[in-house]
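Structural characterization, general
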Amino acid sequence: MVYKFKLVSDEVSNFSREIEIDSTSTFLQLRNAVLESVGYAKDDMSSFFLCDDQWQREEEITFTDMGSSSDQDVWLMEDTPLNEFIEEEGQKLTFVFDYLTERSFFMEMKEEIPGRNLSEPICTVKRGTPPPQYTDLEEFEKQLDIAAKKQVEDLDLDMDDIYGDTGYNEDELGSGFDELSDFNE
């Protein structure tokens, strides 16, 4: 059986790729097909996350074991066949290709094609230009700051409504500070 995956980015609106891959292939083969389809280097850490219908991350399939605790299952891409986790059309995944900034592609298994097999994965559709593999960290942080400020502005909160007057009464602080000064002596 062949799985057809579609991948998109939240960074570039007109970008997408479709990859067909045999259901018995490993997540490592899917990773390599994704990276080849976008022209990225293959030497960086990456992970797939199986997601629920709201894109909440659940199970991780990673490129390398990063020394997780022994009570936690570790699924390695090279040892894990797709059909062990991909069970139906509509299955959602994220592929984190930049761990430093958590940048990722959103993927969905769009179609199961029974009666077909593929020896190698193929990219059947290429639309748009992918986001750059690496981003300038200063620029990335600026964008995060801008987004955070916009969210605060959108909330239209008056900080006095949250914290009350800007002044305070020392009597309201209680005697806790006296106890602290005793501690330091």
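Basis of the calculations
All residue numbers refer to positions counted from 1 along the written sequence of the respective chain. The predicted nature of this model means local features are confined to residues of pLDDT at least 70 and side-chain atom pairs, given and counted, to a pLDDT of 80 or more, with totals for whole chains, interfaces and linings taken over all residues. Each side-chain value is derived from all of the structure's non-hydrogen atoms; neither hydrogens nor water enter the calculation. A strand pair is defined by DSSP finding two or more bridges across the two strands. The helix count covers DSSP runs of H or I at least four residues long, the strand count covers runs of E at least two residues long, and both are numbered beginning at the N terminus. Within this document, salt bridges are pairs made up of a side-chain nitrogen of Lys or Arg and a carboxyl oxygen of Asp or Glu, the two lying within 4 Å of each other. Only protein chains enter the accessibility calculation, which uses a 1.4 Å probe; a residue is then buried when its area is under 20% of its type maximum, exposed when over 50%, and partly exposed in between. In predicted models, pLDDT denotes the confidence assigned by the predictor to each residue on a 0 to 100 scale. Residue contacts follow a heavy-atom distance rule, with two residues in contact if any of their heavy atoms lie within 4.5 Å. Pairing of aromatic rings covers Phe, Tyr and the six-membered ring of Trp, with a centre-to-centre limit of 6.5 Å; geometry is then stacked below 30 degrees between planes, edge-to-face above 60, and tilted otherwise. In our convention, an over-ring charge means Lys NZ or Arg CZ found within 6 Å of a ring centre and within 35 degrees of that ring's normal.

1. Some details on the pairing of strand β4 (residues 57–62)
- Bridge count for strand β3 (residues 47–51) against β4 is four bridges, and the pairing is antiparallel. By the bridge assignment, serine 47 is partnered in β4 with threonine 62.
- Where β3 folds back on β4, the antiparallel hairpin that results is connected by five residues, among which tryptophan 55 adopts a positive phi of roughly 70°.
- For β4 and strand β5 (residues 75–76), the ladder comprises two bridges, and the chain directions are parallel. Residue pairing in the sheet places isoleucine 61 in a bridge with tryptophan 75 of β5.

2. Quick word on the pattern of salt bridges
- Summed over all chains, the structure comprises nine salt bridges.
- Note that glutamate 20 and arginine 116 form a salt bridge whose closest N and O atoms lie 3.0 Å from each other. With glutamate 20 in strand β2 (residues 16–22) and arginine 116 in the loop between β7 (103–113) and β8 (122–127), the pair connects residues that are 96 residues apart, well separated along the chain.
- Among the residues examined, arginine 116 registers a relative accessible area of 31% and is labelled partly exposed.
- For arginine 57, the salt bridge is made with glutamate 102, and the minimal N-O distance between the two is 2.8 Å.

3. Here we look at the confidence of the model for the protein
- When pLDDT is averaged along the protein, the result is 84, and 75% of the positions lie at 70 or above.
- Counted against residues more than four places away or in other chains, residues 181–185, with its pLDDT under 50, gives zero contacts.

4. A look at the packing of aromatic side chains
- Overall, the coordinates contain ten aromatic pairs when judged by the stated rule.
- A ring pair is formed by phenylalanine 27 and phenylalanine 85, whose centres lie 6.3 Å apart and whose planes are at 70°; its orientation type is edge-to-face. Taken together, the positions of phenylalanine 27 in helix α1 (residues 27–38) and phenylalanine 85 in the loop between β5 and β6 (92–98) put the pair 58 residues apart, joining distant regions of the chain.
- On the basis of relative accessibility, which here comes to 0%, the residue phenylalanine 27 falls in the buried class.
- Measuring from centroid to centroid gives 5.0 Å for tryptophan 75 and phenylalanine 85, while their planes differ by 85°, and the two rings are edge-to-face. On the criterion of sequence distance, the pair formed by tryptophan 75 in strand β5 and phenylalanine 85 in the loop between β5 and β6 is long-range, its members being ten residues apart.
- Taking relative accessible area as the criterion, tryptophan 75 reaches 25% and is therefore assigned partly exposed.
- By the ring-pair criterion, three or more aromatic residues cluster together here, those being Phe27, Phe48, Trp75, Phe85 and Phe95.
- Arginine 31 extends its terminal NZ or CZ atom over the ring of phenylalanine 63, reaching a point 3.9 Å from the ring centre.
- The ring centre of phenylalanine 49 lies 4.5 Å from the NZ or CZ of arginine 57, which sits over that ring.

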